Each structure stands twice: as structure tokens, then as C-alpha cells.
Amino acid sequence: MSYPNFEKLVEVIKKLRHPEDGCPWDLKQTHSSLLKYLLEESYEYMHAVEQGDLKQMEEELGDVLLQVVLHSVIAEETGGFNIESVSKVLAEKMIRRHPHVFDSNENNIPVEEIKKAWEEIKQEEKKEKKKYYIDHEDTIFPALHSAHKIGKKTTKVNFDWDDHQQVIYKVEEEWQEMKEELAPGVGVNKERVEEELGDFLFSIAQLARHLDINPEDALRKANKKFVKRFNTVEDILNENSESFEQKTQMELDSYWEEAKRREKNNK
């Protein structure tokens, strides 16, 4: 089995990083400077999947792969890892974490048992490094996802609310504490408000979890709904040969309500 186009890709990236003949922009990049692009490309691929656009998925996945290869080439330049060693480590990990496929070949094992075994193997791999049941590794994801993940772990050790009604009380408590920080006549302490806002968002994430809703997905859908309605407001403005700059907030609010009515009628 050969992958000529993948090998060509690696050579293209190495050419871009050539100290004399390479691209000035690519030569300036480091592992740290590229992090934002890895995140952006991953989300763009997620969007393509949500749209069900295979052609776009192919292109966006290529952009994700670009980041993987670029990081590997940069590391190789300083005597670190390379794309071959990355592939080797990954292949070994997949084999190690799938003993039911590569050892016993028991393909009829229930999915829940496979997931449990996967977690046990992961914990065994991290035994020497991991000191706490929940640690900094659980906070490295997007914030809402991390909050959801942390809550799922605490419930396994019986540190959780009994039901969503109890979480609602916690949400209301955190909301009240934030309101107190923003009460009229009280100087706004941004650091305190940020802390209370964080507590409020964390409790909202736990409410979502108790309702079996992923808060990250819920917020992504809310963002898309807002953008769709805002685009409709812009369409209404264009229909009337108007612009945002010409309208007051009250007038735009009325267009927003019109956008909501159009959305409802189109369902």
C-alpha cells in the first residue's frame, strides 16, 4: 500500500519551510503561532459535516491535515518528532486500546463494554502522570465542553445533584450572586463579575447535562439561529433600500420581530 499524494504533501510542506527557498510566512510559524489555525480548521470541518457537504468536508479535512503535517515538519527540523513517528505512536495506541480487535478479535462485545475498557486502558497509560481524578487535562477543551465533561466525571463518584430541578436552584443562586455584583449604585468590579459569570455559566452547563443536552452544541445552534435571523433583518433592510446605519435600535428591533415572524411562517 502506498500513498504518493500524502508523500507529495509532506514534500510540499518541507519546501515551504526551506530556509532559503521557502515561504517567508511559513518560515515564521511556530507550534504556538499555529494553534489558532488548528482550532479554526477543526471547527470549519465540523461545519462542513453539519452541512453534509462531502466536497467541503474533503477540503476542510485537508486543511486539518495541513496543520498536522506542518507541526510535524517543524518538529523534525529541530530533531524532534516527524510525521512517521506521529503515525507510529498513533497506530500503536489504537492497537493497544482495541484488544478486542487486535488480540481476541471479539467483535460482538457490547459498545458500552468497549467504552469502559477504553477508559480503563487510558487510565492505565496515564497512571504515572495522573494524580487527581479531575485535573488540568479536563480543562483544556472549549470551556462549555470542559464544564460538561467535568460534570460527567463528578457524577460517577456521586458528587452531583439528584436531578435537574436541584440544578435550577443552583443556577438561580449563581444568577442572583452575579446580579448583586451588578446592582445599581455598586461599583463594577470586573474581576468579581467575571468570576460570578463563570460560576453561572458552569451551573448552566450542569443543567444542560442533567437534561441530556450538550451545552456546546446548544450554544452553536443558538449562534446559527441568531445569524440566520440577523441575515433576515439585513434582507428586510435591503428590500427597503435601507442600511443598518440609517436605523435606530428600536427600528431594528421591529425588523428583528419581523424576521422571527418570517421564520415561524416558513416552518
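These numbers come from a predicted model, not from an experiment. (Residues numbered from 1 in each chain as written. Predicted model: local features only at pLDDT ≥ 70, side-chain atom pairs only at ≥ 80, totals over all residues. Heavy atoms only, no water.)

1. Let's talk about the overall build of the protein
A count of helical and extended segments in the protein gives 12 helices and zero strands. Against the 2.2 N^0.38 benchmark of 18 Å for 267 residues, the protein shows a C-alpha radius of gyration of 25 Å, more extended than a compact globule. By residue count, 23% of the 267 residues in the protein fall in the buried class. As displayed, the protein has an accessible area near 19,700 Å², and 56% of this comes from carbon and sulfur atoms. (Helix = DSSP H or I, 4+ residues; strand = E, 2+ residues; numbered from the N terminus. Rg over C-alpha atoms; globule rule 2.2 N^0.38 Å. Buried < 20%, exposed > 50% of the residue type's maximum accessible area, 1.4 Å probe, protein only. Areas by Shrake-Rupley, 256 points an atom, 1.4 Å probe, with all protein chains shown as cover.)

2. Quick notes on the side chain of Arg-97
Inspection of the secondary structure assignment puts Arg-97 in the loop between helix H5 (83–96) and helix H6 (99–102). Ignoring anything within four residues of it in the chain, the contact list for Arg-97 reads Trp-118, Ile-121, Lys-122 and Glu-125. (Contact = heavy atoms within 4.5 Å.)

3. Some points on the packing of aromatic side chains
Summed over all chains, the structure comprises five aromatic pairs. Relative to Phe-244, the ring of Phe-230 lies with its centre 5.1 Å away and its plane at 10 degrees, an arrangement referred to as stacked. Note that Phe-230 is positioned in helix H11 (residues 215–239) and Phe-244 in the loop between H11 and helix H12 (249–265), a separation of 14 residues in sequence. With a relative accessible area of 35%, Phe-230 lands in the partly exposed category. Members of the aromatic cluster, joined through ring pairs, are Phe-226, Phe-230, Phe-244 and Trp-256. For the cation-ring pair, Arg-97 lies above Trp-118, with the distance from its terminal atom to the ring centre recorded as 5.1 Å. (Phe/Tyr/Trp six-rings, centres within 6.5 Å; stacked < 30°, edge-to-face > 60°. Lys NZ or Arg CZ within 6 Å of the ring centre and 35° of its normal.)

4. A closer look at the packing of H11 against H12
In the contact formed by H11 and H12, the axes pass within 9 Å of each other and the chain directions differ by 110 degrees. In terms of orientation, H11 lies roughly perpendicular with respect to H12. In this structure, the crossing between H11 and H12 has a hand that is right-handed. In contact with Lys-225, Phe-226, Arg-229, Phe-230, Thr-232, Val-233, Ile-236, Leu-237 and Glu-239 of H11, H12 contributes Leu-252, Tyr-255, Trp-256, Glu-258, Ala-259, Lys-260, Arg-262 and Glu-263. By residue class, the composition of the contact of H11 with H12 is nine nonpolar, one polar and seven charged. (Axes fitted to C-alpha atoms, helices over the stretch in contact; angles between N-to-C directions. Parallel < 35°, antiparallel > 145°, perpendicular 65-115°, else oblique. Left-handed = near helix turned anticlockwise from the far one by under 90°. Nonpolar A, V, L, I, M, F, W, Y, C, P; charged D, E, K, R; others polar.)

5. Details of helix H8 (residues 143–155)
Over its 13 residues, H8 extends 19 Å from the first C-alpha to the last, a length consistent with the 18 Å expected when each residue adds 1.5 Å. Within H8 the residues assigned to the buried category are Leu-144, Ser-146, Ala-147, His-148, Ile-150, Gly-151, Lys-153 and Thr-154. In the core, the buried residues of H8 are packed alongside helix H10 (190–210) and H11. (Expected span 1.5 Å × (residues − 1).)

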